[in-house]
Amino acid sequence: MTTAFYTHPDCRRHDMGRGHPECPARLEAIDDHLIASGLQGGLDCRDAPIVASSDLGNAHSSGYVAELRDVLERVAADGQPRALDPDTVASSGTLNAVLRAAGAAVAATDAVIDGEVANAFCSVRPPGHHATRGQAMGFCFFNNVAVAARHALDVRGLERVAIIDFDVHHGNGTEDICAGDERILMASIFQHPLYPYSGAVPLGDNMINVPVPPYTRGPAIRALIEANWMERLDAFRPQMIFVSAGFDAHRDDDLGQLGLVEADYTWITEKIKAIADKHAGGRIVSCLEGGYNLGALARSVAAHLRVLMA
Ligand SMILES: [Zn+2]
């Protein structure tokens with residue numbers, strides 16, 4: 001059984017402008033490193049399909065899905081970029097990128113549930129974990145992981161799934177969508193205070209939020225994960241695990257001030273895999289979120305994939 005790797009050239013055609021850290025080169029850096037390191041040959045590489053509107057509607061309000069689609073279609077037609085918030089800009093390529101990013105997460109979910117692959121990584125952009133039920137923000141348009149988790153529950157009939165988010169920023173959008181949904185247990189760790197400045201007070205009993213101060217390094221973060229996440233994840237017995245895999249808590253990443261290194265991403269992925277192996281038949285779907293230092297991003301994705309592929 002292999003690890004699927006979902007991506008699509010359309011995900012590089014979403015362009016928020018010169019100098020924006022959430023740039024097409026991120027996916028190129030990952031691809032280049034996977035080829036150079038020889039890892040790519042061991043992956044089941046698949047094209048990300050377009051997501052179904054019904055799947056978007058399981059995580060987002062129908063009004064938001066229609067409104068965003070309308071805006072992105074207009075931008076695609078007239079080519080005039082449009083800012084949805086100060087950090088989040090739609091370009092002519094954004095419509096297809098957001099539909100492929102969410103589509104990758106859903107297709108990966110189906111492939112893993114159907115037993116075609118052991119687990120999957122979605123190397124997609126834009127990221128999703130800041131997108132709330134009804135709002136684009138923080139580089140995010142649709143919440144890829146929440147859409148996939150709801151697909152597993154609402155369409156594929158699973159009863160319990162976990163979402164793990166180790167991006168340096170709090171996954172406020174995923175929390176907004178999933179808080180109070182007792183079929184989901186979300187465990188996250190993030191720098192606080194930092195954009196979007198939420199998460200210190202969880203919005204539901206199914207949220208394990210671990211805010212950490214700037215300059216926290218790997219050993220302390222590992223201890224916090226061990227102490228706060230593992231027992232509850234084990235007791236929850238998730239049937240599948242979704243990962244918001246942001247690599248901007250890396251010490252070389254300028255968007256946050258945490259101090260993780262590649263070995264920490266290996267360790268976190270091993271922890272996730274152990275829970276998945278124990279309760280979920282190994283089922284993991286991991287989706288790229290942040291990670292803006294191109295070298296650190298590519299090496300960290302490789303560390304994450306090596307564990308998924310093992
Ligand atoms: Zn982030």
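Residues numbered from 1 in each chain as written. Predicted model: local features only at pLDDT ≥ 70, side-chain atom pairs only at ≥ 80, totals over all residues. Heavy atoms only, no water.

Some words on the coordination of the zinc ion
Quick note on the threshold: Metal coordination here is assigned from N, O and S atoms located within 2.8 Å of the ion, or within 3.2 Å for Na, K and Ca; omission of water means that sites may look incomplete. Only protein chains enter the accessibility calculation, which uses a 1.4 Å probe; a residue whose area is less than 20% of its type maximum is buried, one above 50% is exposed, and one in between is partly exposed.
Binding of the zinc ion to the protein goes through Asp-167 (OD), His-169 (ND1) and Asp-248 (OD), at separations of 2.0 to 2.1 Å. Every donor residue of the zinc ion comes from the same chain, spaced as D-x1-H-x78-D. An identical accessibility class is assigned to Asp-167 and His-169; each is buried.

Section: the pairing of strand E10 (residues 284–288)
Selection rule: Where helices and strands are cited, they refer to DSSP runs of H or I of at least four residues and of E of at least two residues respectively, numbered from the N terminus. A pair of strands counts as paired when DSSP detects no fewer than two bridges linking them. Handedness rule for crossovers: strands pointing away from the viewer, path from the first strand over the helix to the second running clockwise, crossover right-handed.
Counting buried residues in E10 gives 5 out of 5 residues, a clear majority hidden from the surface. Burial of E10 is two-sided: the residues Ile-284, Ser-286 and Leu-288 facing one way and the residues Val-285 and Cys-287 facing the other way are all buried. Direction of pairing for strand E5 (residues 119–122) relative to E10: parallel, over a ladder of 4 bridges. Note on E10: the bridge partner recorded for Ala-120 is Val-285. As paired strands, strand E9 (residues 240–245) and E10 are joined by 5 bridges and run parallel to one another. Its bridge partner being in E10, Val-243 is matched across the sheet by Ser-286. One crossover worth recording links E9 to the parallel E10 by way of helix H9 (residues 262–279), and it is right-handed.

Brief notes about empty space enclosed by the protein
Over the atoms rolls a probe the size of a water molecule, and in doing so it shows where empty space is left. Applicable threshold: Of the two site types, the cavity is a set of points on a 1 Å grid over the protein atoms alone where a 1.4 Å probe fits but cannot get out, and the pocket is an open set with protein on both sides within 12 Å along at least five of seven lines, each lined by residues with an atom within 4 Å of a point. Grid points are joined across faces, edges and corners, and a volume is the space filled by probe spheres set on the points. Amino acid classes used here: Ala, Val, Leu, Ile, Met, Phe, Trp, Tyr, Cys and Pro are nonpolar; Asp, Glu, Lys and Arg are charged; the rest, including Gly, are polar.
Applying the stated rule across the entire model yields 1 cavity of 30 Å³ or more. As a volume, the largest cavity reaches approximately 30 Å³. Phe-166, Asp-167, Ile-189, Phe-190, Ile-221, Ala-249, Leu-258 and Leu-260 are the residues that line the largest cavity. Looking at side-chain class alone, the lining of the largest cavity contains 7 nonpolar, no polar and 1 charged residues.

Some thoughts on the nonpolar core
Here is the rule we go by: The set of buried Ala, Val, Leu, Ile, Met, Phe, Trp, Tyr and Cys residues whose side-chain atoms join them within 4.5 Å is what this entry labels a nonpolar core. Note on definitions: a residue-residue contact is assigned when non-hydrogen atoms from the two residues lie within 4.5 Å.
If you look at the biggest cluster of nonpolar residues, it comprises 98 residues, and the most contacted ones within it are Tyr-6, Val-161, Phe-166, Trp-229, Met-240, Ile-241 and Phe-242. Tallying contributions element by element places helix H4 (residues 94–113) first for this core, with 13 residues. For Ile-241, the residues in contact, after removing those within four places along its chain, are Ala-162, Ile-164, Ile-272, Ile-275, Ala-276, Arg-283, Ile-284 and Val-285.

Focus on the sheet that holds strand E2 (residues 43–47)
Basically, it comes down to this: Where helices are involved, their axes are fitted lines through C-alpha atoms of the stretch in contact, as for all axes, and angles between N-to-C directions lie from 0 to 180°.
Here 8 strands make up an open sheet; going across it, the order is E2-E1-E5-E10-E9-E6-E7-E8 and the pairing parallel. The open sheet has two edge strands with one neighbour each: E2 and strand E8 (207–212). Within this sheet the neighbouring strands show an average axis-to-axis angle of 15 degrees, counted without direction. Here helix H1 (residues 25–36) sits on the sheet in contact with strand E1 (3–7), E2 and E10, set at roughly 145 degrees to E1. Strands in contact with H9 are E5, strand E6 (161–165), E9 and E10; relative to E9, the strand with the most contacts, it is inclined by about 165 degrees.

Considering the side chain of Asn-206
Just so we agree on the cut-off: Between N or O atoms, a polar contact is any pair within 3.5 Å; within protein, one atom must be a potential hydrogen donor and the other a potential acceptor, and residues adjacent in sequence are included only when both atoms are from side chains.
Checked against the element boundaries, Asn-206 lands in the loop between strand E7 (184–191) and E8. What makes Asn-206 buried here is its relative accessible area of 2%. One polar contact links the side chain of Asn-206 to the main-chain carbonyl oxygen of Asp-181, over a distance of 3.0 Å. Those residues within four positions of Asn-206 in sequence are excluded, and the remaining contacts are Cys-178, Ala-179, Gly-180, Asp-181, Glu-182, Ile-184, Leu-185, Met-186 and Arg-232.

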